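Secondary and tertiary structure notes
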Amino acid sequence: APSTTSAASTATEYPTSHEQIAKPIDTTNFLDNEFVSSQATKWIDLHDPATNNLVTRVPQSTDEELKAAVKSAEKAFPAWRATSIMARQQIMFKFTSLIRENWDRLAASITLEQGKTFADARGDVLRGLQVAETACGIPSLMTGEVLEVAKDMETRSYREPLGVVAAICPFNFPAMIPLWCIPIATVTGNTLILKPSERDPGAAMILAELAKEAGFPPGVINIIHGQHRTVDFILDEPAIKAISFVGSNRAGEYIYTRGSANGKRVQANLGAKNHAAVLPDANKNQTLNAISGAAFGAAGQRCMALSTLVTVGETKEWLPELVERAKALNVNGGFEEGADLGPVISPESKKRIEDLIASAEAEGATILLDGRGYTPEKYPNGNFVGPTIITNVTPDMKCYKEEIFGPVLVCLHVDTLDDAIELINANEYGNGAAIFTRSGSTASRFQKDIEAGQLGINVPIPVPLPMFSFTGNKKSIAGGGANTFYGKPGLQFYTQQKTVTSHWKAEDAVSTKANVVMPT
Ligand code: NAD
């Protein structure tokens, strides 16, 4: 359980166990820096995935509330844009220090609503905080270029904010992904409307509270809730200039297409099927630890989960040892001491995962380790699935073609590195891939030929730090990957480039004749 004497200096009470909350409080909207109760007629019940106890009800924000968020963001934009960059930087410094102080509180909200272990939830917060900390470098990051292009003539480039922008977030990183958007969107001078996942908006609501305390003026950050209706509103609202989306292909392809057709910039990171190729010369112990951590950590609900293992040559013989390591993982409520992985997000998700395991069995694969029906003693009503390893998988099987998003590792076998590269590149997704080898030339060949955004060499989850950008390839990113999150491309996404060419002469020209041709 989280220690009360740790980094969190906040006096606010927060949960440290999965006990039923006596009086669940409805989630509010955040408009004009105020937490405003929704007048919604439709509410979405949010349950603790470890117990299925009610945690809160999330509103389907009403049309009036959605419009109020846009009005608030539009109203705030001119003054926020005109706020000096050093003043915006100061607010960002304060924001980052408040996130650090409230680290445990944010993590506790994630464990309660999303289910991941408290230690892992702290990682979720940290990876987002690092983006915010990097965004504090904005005075240097925003500088433009200048060049004397001709005698007495110079061109300068500027990066200007777009106006009102929006973010639509997934359930699996309730703090990190809002923090891929909030810092860069706002520090560059935009105002933001954020829709957290309706399945776990708690961390985003805490971030809103901290943003207010840090000094963000009313309207710079607004939070609205809901499902498709809210998304459609964002897609069709003319005042919203850009949309950041992270989530599934089903939602993301629709959002990219409709948002783009409405003339908006859209960045959309989508689903994944990340492969790890294991070569016989790899360090066996390090490789097995890395794979079991990355396949089963966060119950496999990471876009960078290593969900597919490609054993090359004799490394097929390592599978029994992998099973032993997976079996040793502690599947439990996320607040429990020593828990390695928690439940999956919902009973529907558990059923979908278990059905995919059953489909593998029906299609002729072997279930080497079966996590179906696993129930920790203390949590009989939770959505738990134990680590599962499926072997003898072929590319035509459903468990290989679909993103499972659960603690399930599917294993395929090939004879050579060439075969592994061919197999991985034939997969529709291209989010991340990893190779385990001691050979520099093998790694270099893999690095050059694999079609994926994030590559790990003896590293299982290569989520790039914020000075780089989180990219993707093929079906894992919309629009061919032109717009990616954070890093320099993230800054470009949230800003419009303007160039100004000026001509100043010490003395006025003496000629009275106009120049009518393009200068040659
Ligand atoms: P999701 O697509 O179900 O939901 C994401 C957001 O879209 C939510 O806010 C939801 O309300 C909204 N939404 C859902 N269905 C919609 C629809 N049909 N139309 C309009 N809006 C809709 O995704 P999720 O289950 O919350 O998150 C898991 C998915 O996100 C996985 O596929 C995972 O790979 C992906 N993901 C990708 C990355 C990445 O960077 N590539 C990172 C994290 C998660």
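Residues numbered from 1 in each chain as written. Predicted model: local features only at pLDDT ≥ 70, side-chain atom pairs only at ≥ 80, totals over all residues. Heavy atoms only, no water.

1. Observations regarding the environment of Leu 194
Formally: We count a stretch as a helix when DSSP gives it H or I for four or more residues in a row; a strand needs E for two or more, and each element gets its number in order from the N terminus. The contact definition used throughout considers only heavy atoms, calling two residues in contact when any of these lie within 4.5 Å.
On the secondary structure map, Leu 194 appears in strand β8 (residues 191-195). A C-alpha to C-alpha distance of 22 Å links Leu 194 and Arg 122, two positions 72 residues apart in sequence. Setting aside its immediate chain neighbours within four residues, Leu 194 contacts Ala 167, Cys 169, Pro 178, Ile 182, Ala 204, Asn 222, Ile 223 and Ile 224.

2. Re the sheet that holds strand β18 (residues 432-436)
To keep things clear, this is the line we draw: The pairing criterion is simple: DSSP has to find at least two bridges between the two strands. Fitting a line to C-alpha atoms yields each axis, with helices limited to the stretch in contact; the angle taken between N-to-C directions then spans 0 to 180 degrees.
Strands sit in the order β14-β15-β16-β13-β12-β18-β19 across an open sheet of seven strands; the sheet is mixed. Where the open sheet ends on each side, the last strands, each with one partner, are β14 (366-369) and β19 (454-457). The average angle at which neighbouring strand axes cross in this sheet is 25°, direction not considered. Bridge count between β14 and strand β15 (residues 388-391): three bridges; the pairing is antiparallel. For Ile 367, the partnering residue across the bridge sits in β15 and is Ile 390. Helix α10 (residues 284-296) rests against β12 (274-278), β13 (306-312), β15, β16 (408-414) and β18 of the sheet, and its axis sits at about 135° to β16.

3. Some words on unusual backbone geometry
Our working definition: Throughout, exposure labels follow a simple rule: accessible area from a 1.4 Å probe, protein chains only, divided by the maximum for the residue type, with under 20% read as buried, over 50% as exposed, and the rest as partly exposed.
Its identity as a non-glycine residue notwithstanding, Asp 152 has a phi of 65°, on the positive side. If you trace the backbone, Asp 152 turns up in the loop between β5 (146-150) and β6 (153-161). Judged by relative accessible area, which is 27%, Asp 152 ranks as partly exposed. Notably, Ala 298 is not glycine yet its phi reads approximately 55°, a positive angle. Mapped onto the secondary structure, Ala 298 falls in the loop between α10 and β13.

4. Re helix α1 (residues 63-82)
To keep it simple, the criterion reads: The length a helix should cover is 1.5 Å for every residue beyond the first.
The terminal C-alpha atoms of α1 lie 30 Å apart, and with 20 residues this matches the ideal 28 Å at 1.5 Å per residue to within 8%. When we look at burial in α1, the residues that qualify are Glu 65, Leu 66, Ala 69, Val 70, Ser 72, Ala 73, Ala 76, Phe 77 and Trp 80.

5. Side note on the UniProt feature "domain: Aldehyde dehydrogenase" (unreviewed entry) in the chain
Quick reminder of the rule: UniProt positions are given in the numbering used here, feature names are shortened, and annotations may be inferred rather than shown by experiment.
As annotated in UniProt, the feature "domain: Aldehyde dehydrogenase" (unreviewed entry) corresponds to residues 35-500 in the numbering used here. For residues 35-500, helix accounts for 40% and strand for 21%, while the C-alpha atoms at its two ends are 42 Å apart.

6. Some words on the side chain of Glu 65
Short version of the rule: Charge assignment: positive for Lys and Arg, negative for Asp and Glu; neither His nor the chain ends contribute. Definition used for salt bridges: Asp or Glu carboxyl oxygen within 4 Å of a side-chain nitrogen of Lys or Arg. What qualifies as a polar contact is a pair of N or O atoms within 3.5 Å, subject to a donor-acceptor requirement within protein and to the restriction that residues adjacent in sequence count only when both atoms come from side chains.
Position of Glu 65 relative to the elements: it lies in helix α1. No salt bridge forms around the buried Glu 65; measuring N to O, its nearest opposite-charge neighbour Arg 229 is 9.8 Å away. Polar contacts involving the side chain of Glu 65 include one to the side chain of Ser 38, which spans 2.8 Å. Not counting residues up to four positions away in its chain, the partners in contact with Glu 65 are Asn 29, Leu 31, Ser 37, Ser 38, Gln 39, Ala 40 and Ile 224.

7. Considering the pairing of β6
Pairing of β5 with β6 involves four bridges; the strand directions are antiparallel. Pairing of Ala 150 across the sheet is with Met 153, part of β6. The turn joining β5 and β6, which pair antiparallel and follow one another in sequence, is formed by two residues; a positive phi near 65° is taken by Asp 152. When β6 meets strand β21 (residues 495-503), the two strands line up antiparallel, connected through nine bridges. Bridging across to β21, Thr 155 finds its partner in Thr 501.

8. Focus: the packing of α10 against helix α11 (residues 319-327)
Stated formally: Under this scheme an angle from 65 to 115 degrees is roughly perpendicular, one under 35 degrees roughly parallel, and one over 145 degrees roughly antiparallel; angles in between are oblique. What makes a crossing left-handed is the near helix being turned counterclockwise from the far one by less than a right angle; a clockwise turn instead makes it right-handed. Gly falls in the polar group here, along with every residue not listed as nonpolar (Ala, Val, Leu, Ile, Met, Phe, Trp, Tyr, Cys, Pro) or charged (Asp, Glu, Lys, Arg).
It is at 10 Å that the axes of α10 and α11 come closest, and there the two elements cross at 50°. As summarised for this structure, α10 and α11 are arranged oblique, according to the angle between their axes. Crossing angle aside, the handedness with which α10 passes α11 is right-handed. Each of Lys 284, Asn 285, Leu 288, Asn 289, Ile 291, Ser 292 and Phe 296 in α10 lies in contact with α11, whose residues at this interface are Glu 321, Leu 322, Arg 325 and Ala 326. Of the residues in the contact of α10 with α11, the class split is five nonpolar, three polar and three charged.

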